[in-house]
Amino acid sequence: MPPQGLSLLAEVRGSRLFVRGERFPDARAGGSFALKEVSSCRWDPVQDALLLLGDEGVLYGADLRITDGALEDVVPRWALPLSRPGAGLDTEGLAFAGDDLLVSTEYHRLPLSTSLLDVAAFNRSTGEYVSSSVFIPPYVLSRVENNGGFEALVALGGGEVVVTANEAALSGDAADVRRVMAFQAATGALLAMAAYRVDSTADGRAFGLVEFARHPAVPTGLLALERTYRAGAGNDIRLHAVDLARPPADVTDCEELRSDGCSGCLLAPDDALEKAPIFSWSAGELTSAASGRSFPVAVDNYEAACLLPGGAGGEAWLLLVNDDNDSPHQIGTQFVLVALESNASASAEPSEIPVSAWSARARLQARGGGRWWQRWACGSGQGEARAAAVVVAAVLLVLGAVACCWCRRRLSAKQRLQRGVNMDSTGGVDLADMTPAAAGPSTGHQSASSGHES
């Protein structure tokens with residue numbers, strides 16, 4: 001049962017659309033950058049500005065104009081390119097860590113380089129790379145799917161804890177399972193890892209997990225944005241509230257997370273993080289889960305979500321921004337303001353996030369295996385049937401090999417005997433010329449043997 005206040009009432013409060021190619025002036029020198037492919041946003045209280053992060057490593061700053069709780073305008077201020085020597089940048093998530101920016105990047109083969117799976121610190125003023133901030137388990141690095149890495153990123157507990165998750169399932173995991181990883185910001189140590197189940201479409205397509213934001217009312221809560229796309233139907237966007245306080249199982253030791261009977265760790269329903277729906281958004285309507293009320297607003301590839309200052313009387317403001325993929329076939333870059341109202345009063349952000357409770361509850365243990373044939377057997381979600389088929393096929397192959405070997409030996413013995421008889425009948429050996437001593441008591445047998453040796 002979700003804790004009181006986790007569910008939120010959603011209401012659209014205006015939108016602003018930028019056509020493709022809107023320019024932001026370069027913060028370092030002359031020139032400008034086109035706003036495109038926004039993957040994350042955060043409000044920066046230091047600069048009193050909205051920060052937008054593009055997929056290609058450009059950070060944009062903008063002013064927001066909100067009047068009477070409604071979005072009036074978004075005004076470009078500056079653009080700052082991020083740089084990391086020796087690596088490409090497919091930048092996805094954005095958070096603050098002291099004077100630096102934390103940026104999550106996903107593994108992605110780019111035209112001239114490769115983006116690494118990482119959470120890295122960048123200088124907020126210059127955009128220069130500072131350091132890699134977290135220690136990622138090796139099996140996560142080896143099993144992450146191309147272009148399916150760390151998109152969601154948020155700093156909690158006053159910046160003490162950094163939380164991220166993979167967009168797509170790791171190789172070997174169930175299709176709807178994502179791994180939420182909590183790291184200590186100061187050391188980069190992995191504190192705990194929890195399973196999160198994304199929604200699935202009617203035809204079984206799993207959503208991608210693309211953004212985290214802090215819950216406006218529950219101190220240990222998160223907002224999780226999920227997204228999918230299907231040709232002919234368009235985008236489907238879901239926002240959920242997630243409770244970090246109810247301890248899930250720690251899945252750090254599990255290289256594979258399954259919900260069927262295959263190898264790896266068996267993930268029971270209550271082993272994953274608990275979540276509650278806030279809204280769904282498809283076919284041009286955003287529908288609040290709490291009220292059932294729908295708002296006509298164009299849906300697109302929304303990846304960015306961030307809380308804004310302001311709001312009153314238990315109301316918080318959430319800004320949503322889409323990734324236009326720099327495509328002329330999409331609507332451009334759209335900013336949508338959603339008011340979120342809770343039945344609980346807003347709480348201050350906690351100084352500690354109870355990720356230690358995840359480990360205290362239980363650590364799921366693998367049931368063994370993880371070999372290629374076990375991963376193949378689990379691949380379609382019909383694990384037990386496919387595993388049984390593998391065993392039966394292996395037994396049949398062994399029996400076939402044994403039968404073949406036995407038949408060949410029988411045939412060889414029969415051929416040897418036939419060859420001896422043929423030579424006797426054609427005069428290859430004259431039994432009459434053999435002395436009794438030479439012939440011995442088993443003359444016919446020896447003649448057959450002599451004919452074989454010749």
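Remember, predicted model here, so these are calculated numbers, not experimental data.

> Which parts of the structure should I look at to understand the overall build of the protein?
Helix and strand counts for the protein come out as 6 helices and 28 strands. Looking at the protein as a whole, 47% of its 454 residues qualify as buried. Long-range pairs, those at least 24 residues apart, make up 59% of the contacts in the protein with a sequence separation of at least 6. Summed over its atoms, the accessible surface of the protein is roughly 20700 Å², and 54% of this surface lies on carbon and sulfur atoms.

> Any chance you could explain the environment of P76 here in plain terms?
Positionally, P76 belongs in strand 7 (residues 70–81). Sequence separation between P76 and L50 is 26 residues, and the spatial gap between their C-alpha atoms is 9.6 Å. In contact with P76, not counting residues within four places along its chain, are F18, E22, R23, F24, G61 and A62.

> Teacher, can you tell me more about the pairing of strand 7 here?
Look at any regular strand and the pattern is simple: side chains alternate between the two faces of the sheet. With 10 bridges joining them, strand 6 (residues 58–67) and strand 7 adopt antiparallel strand pairing. Each residue of the ladder has a partner; that of I66, found in strand 7, is L71. Hairpin connection between strand 6 and strand 7: a loop of 2 residues separates the two successive antiparallel strands, and D68 in this loop has a positive phi of roughly 55°.

> It is not clear to me how the pairing of strand 19 (residues 221–230) should be interpreted in this structure. Could you clarify?
With respect to burial, strand 19 is a largely interior element, 8 of its 10 residues being buried. Where strand 18 (residues 208–214) and strand 19 come together, 6 bridges link them in antiparallel fashion. Directly across from A213, in strand 19, lies its bridge partner L223. Note that strand 19 and strand 20 (residues 234–243) share 10 bridges and pair antiparallel.

About the thresholds
- Residues numbered from 1 in each chain as written.
- Predicted model: local features only at pLDDT ≥ 70, side-chain atom pairs only at ≥ 80, totals over all residues.
- Heavy atoms only, no water.
- Helix = DSSP H or I, 4+ residues; strand = E, 2+ residues; numbered from the N terminus.
- Buried < 20%, exposed > 50% of the residue type's maximum accessible area, 1.4 Å probe, protein only.
- Contact = heavy atoms within 4.5 Å.
- Areas by Shrake-Rupley, 256 points an atom, 1.4 Å probe, with all protein chains shown as cover.
- Pairing = 2+ DSSP bridges.

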